[in-house]
Amino acid sequence: MTMNYLSTRNKDLRMSAPQAIAKGLAPDGGLLTPAVLPRLPASAVETMKEMSYQQRVVYIMNSFLEGFAASELTAYAAEAYGGGKFSSEDIAPVVKLDDSTYCLELWHGPTCAFKDMALQVLPHLLTASLEKNDEKKTVCILVATSGDTGKAALEGFRNVDKTRILVFYPKDGVSEIQELQMVTQEGGNVGVCSVEGNFDDAQTGVKALFSDETLAAELAERGYFLSSANSINWGRVLPQIVYYASAYCDLLKAGAVAKGQTVNVCVPTGNFGNILAAYYAKAMGIPISRLICASNQNNVLTDFINTGTYDRNRTFYNTLSPSMDILISSNLERMLFELSGRDDKLVREYMSQLAQYGSYRVDSSIRTKLRKEFSAGCCDDQQTKAMIARMWSERNYLIDPHTAVAFHVLEEYREESGDDTPTVVVSTASPFKFCDSVLNALGVREHKVGLEILDQLTEVTGVPTPAPLARLKKRRRRFDGAVDKAAMKGSVLDFLK
Ligand SMILES: *Cc1c(COP(=O)(O)O)cnc(C)c1O
């Protein structure tokens, strides 16, 4: 098999696609990335236009996954997106708001957040990869989550043969409903544990576990090895490229854009995984013009894109959009790799400065390319609530706080730039995952407690509660573990006894 994945920190460090998916992260800490980005044929959009979402998945993924037969990918796409797992037959429907504004709804999956788009497929890619690698040990997925990933990973890996999954979530950084979704998770191979601190604490803790050689040796003796389902795994990024291609095909099919006409995308961003997939879709040939990066008050990416300096030495805020409360956007490393002309030494240098000083400044050629591809803006909690309220009162469209951040940043971008290119705003969560914030935004002061708040939001808006959230009422709490960062290793050893 061709070694056609490489580390962003060392292009000579090569792996095959199944190895890259099984490993998650390169041994030098770099991110595993395709050695060559495939270009779609000129006819691709016309061809995909007539396809189902599942067929589009196979069409896009096939060009990245040497060693996987199209028949295998077809089976994974059917298991991931078929069988009524998604509440919309379109899987990722595009909703028209006005002649130049469209919303790509990525939350119709089993956990009501966009993480399902990738995490329904990843377990299939991973177990197939392990088999292709002749791996005899059982994989244990470790996840640090800012809320949505954890639940989506648990649901994706639930009872998948030859896998275990242990999720750490930050005690101070997930909503009540997100927490309930995780601690009631069913399945014989799953574990859930809270960590004192915020998402960066949990993520740093998990990263330390991955590089702990004594832990690895101990686990190997027990027949296990660790892998990641975080958004740095190529098996997470790849399925996300599909919905950008798919959205464009849908717009073309509906006559909203003419053949070859470009669209902008506006993406609420945290770890930079979702918007990176949009960049790759563009690089493959999907007619995308501007990539608009929307941040909340943790606006480290806004500053980076506007100034060229990445600086995580700043106050960390817990915001109304917790899945974007991140100061280290891991997937940005792949973007630096591309924008530097795939200069692995430069990427290594920036990443070592980030580790040492918490900051780095990119050179002028990268700054120029950044500004050519991206625009960036940010949105505080007041503005987030105001946008939820206005979208509801003016358009009768109910959105969650993450999506509201994107709409706010788009509005500011349009005012400043005058750019009226049709724009796809990415909607990343169901508003029912964040009932408290949404009700507050709608001016409702007294909130029902626990899960009754779901019914309250339905009463206020007439919008039905998504079925997977309504079902939480029948679930019992299974997990109540809480540790501090230093004790995470012990949790892993207990879990894999
Ligand atoms: C994870 C998440 C994001 C951020 O996505 P990234 O890929 O980390 O940029 C935005 N919104 C929601 C609801 C999420 O769950």
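The following refers to the structure shown. (Residues numbered from 1 in each chain as written. Predicted model: local features only at pLDDT ≥ 70, side-chain atom pairs only at ≥ 80, totals over all residues. Heavy atoms only, no water.)

**Topic: the nonpolar core**
Ranked by internal contacts, the top residues of the largest apolar core, which has 151 residues, are Leu65, Ile241, Tyr244 and Tyr360. For this core, the element with the highest residue contribution is helix α11 (residues 234-253), accounting for 13 residues. The next biggest cluster of nonpolar side chains, apart from the first, holds 21 residues, and it includes Leu142, Val206, Tyr224 and Val492. (Core = buried A, V, L, I, M, F, W, Y, C linked by side-chain atoms within 4.5 Å. Buried < 20%, exposed > 50% of the residue type's maximum accessible area, 1.4 Å probe, protein only. Helix = DSSP H or I, 4+ residues; strand = E, 2+ residues; numbered from the N terminus.)

**Topic: the pairing of strand β15 (residues 423-427)**
With five of five residues buried, β15 is to be regarded as a mostly interior element. Residues of β15 alternate between two faces, with Thr423, Val425 and Ser427 on one and Val424 and Val426 on the opposite face, all of them buried. When strand β5 (residues 101-105) meets β15, the two strands line up parallel, connected through five bridges. Bridge assignment links Thr101 to a residue of β15, and that residue is Thr423. Note that strand β10 (residues 263-268) and β15 share three bridges and pair parallel. By the bridge assignment, Cys266 is partnered in β15 with Val425. (Pairing = 2+ DSSP bridges.)

**Digging into the environment of Ala78**
Here Ala78 is to be found in helix α4 (residues 70-81). Residue class for Ala78 comes out partly exposed when judged on its relative accessible area of 43%. Ala78 sits 384 residues away from Gly462 along the chain, and the two C-alpha atoms are 32 Å apart.

**Here we look at the sheet that holds strand β9 (residues 224-228)**
Ordered in space as β9-β6-β7-β8-β16, the five strands form an open sheet in which the pairing is parallel. What marks the edges here is a single partner per strand, and that holds for β9 and β16 (481-483). Adjacent strand axes in the sheet meet at a mean angle of 30 degrees, parallel and antiparallel pairs treated alike. The pairing of strand β8 (residues 190-195) with β16 spans three bridges and is classified as parallel. Along β16, the bridge assignment pairs Ser194 with Ala482. Strand contacts of helix α9 (residues 199-210): β6 (138-144), β7 (163-170) and β9, with the helix running at about 155 degrees to β6, the strand carrying the most contacts. (Axes fitted to C-alpha atoms, helices over the stretch in contact; angles between N-to-C directions. Contact = heavy atoms within 4.5 Å.)

**Looking at the site of the ligand**
Around the ligand lies a shell of 15 residues, among which Lys115, Asp148, Gly270, Asn271 and Thr428 are the nearest. At 3.2 Å from an oxygen atom of the ligand is found a main-chain nitrogen or oxygen belonging to Phe272. The separation between an oxygen atom of the ligand and a polar main-chain atom of Gly273 is 3.2 Å. When the ligand sits alone it has 390 Å² of accessible area, and the protein chains cover 98% of it. (Near = heavy atom within 4 Å. Polar contact = N/O pair within 3.5 Å; in protein donor to acceptor, adjacent residues only side chain to side chain. Areas by Shrake-Rupley, 256 points an atom, 1.4 Å probe, with all protein chains shown as cover.)

**Thoughts on the side chain of Thr428**
Along the chain, Thr428 falls in the loop between β15 and α19 (435-441). Once you skip the residues sitting within four places of it in the chain, Thr428 turns out to touch Trp107, Ala113, Phe114, Pro268, Asn274, His402 and Thr403.

**A look at the packing of α11 against helix α12 (residues 273-284)**
Contact pair α11 / α12: the axes reach a minimum separation of 8 Å and the direction vectors enclose 60 degrees. Relative to α12, the element α11 lies oblique. Here α11 and α12 pass one another in a crossing that is right-handed. Residues Trp234, Val237, Gln240, Ile241, Tyr243 and Tyr244 of α11 lie in contact with α12, whose contacting residues are Gly273, Asn274, Ile275, Leu276, Ala277, Ala278, Tyr280, Ala281 and Met284. Class assignment for the residues of the contact of α11 with α12 results in 12 nonpolar, three polar and no charged. (Parallel < 35°, antiparallel > 145°, perpendicular 65-115°, else oblique. Left-handed = near helix turned anticlockwise from the far one by under 90°. Nonpolar A, V, L, I, M, F, W, Y, C, P; charged D, E, K, R; others polar.)

**Looking at the sheet that holds strand β3 (residues 32-34)**
Hydrogen bonds along the backbone pair up the strands of a sheet, which may run parallel or antiparallel. Pairing is antiparallel in the open sheet, where three strands are placed in the order β2-β1-β3. Each edge of the sheet is formed by a strand with only one pairing partner; in this case those strands are β2 (10-15) and β3. Averaged over all pairs of adjacent strands, the angle between strand axes in this sheet comes to 45 degrees, irrespective of strand direction. The pairing of strand β1 (residues 5-7) with β2 spans three bridges and is antiparallel. In the strand pairing of β2, Ser7 is matched with Asn10.

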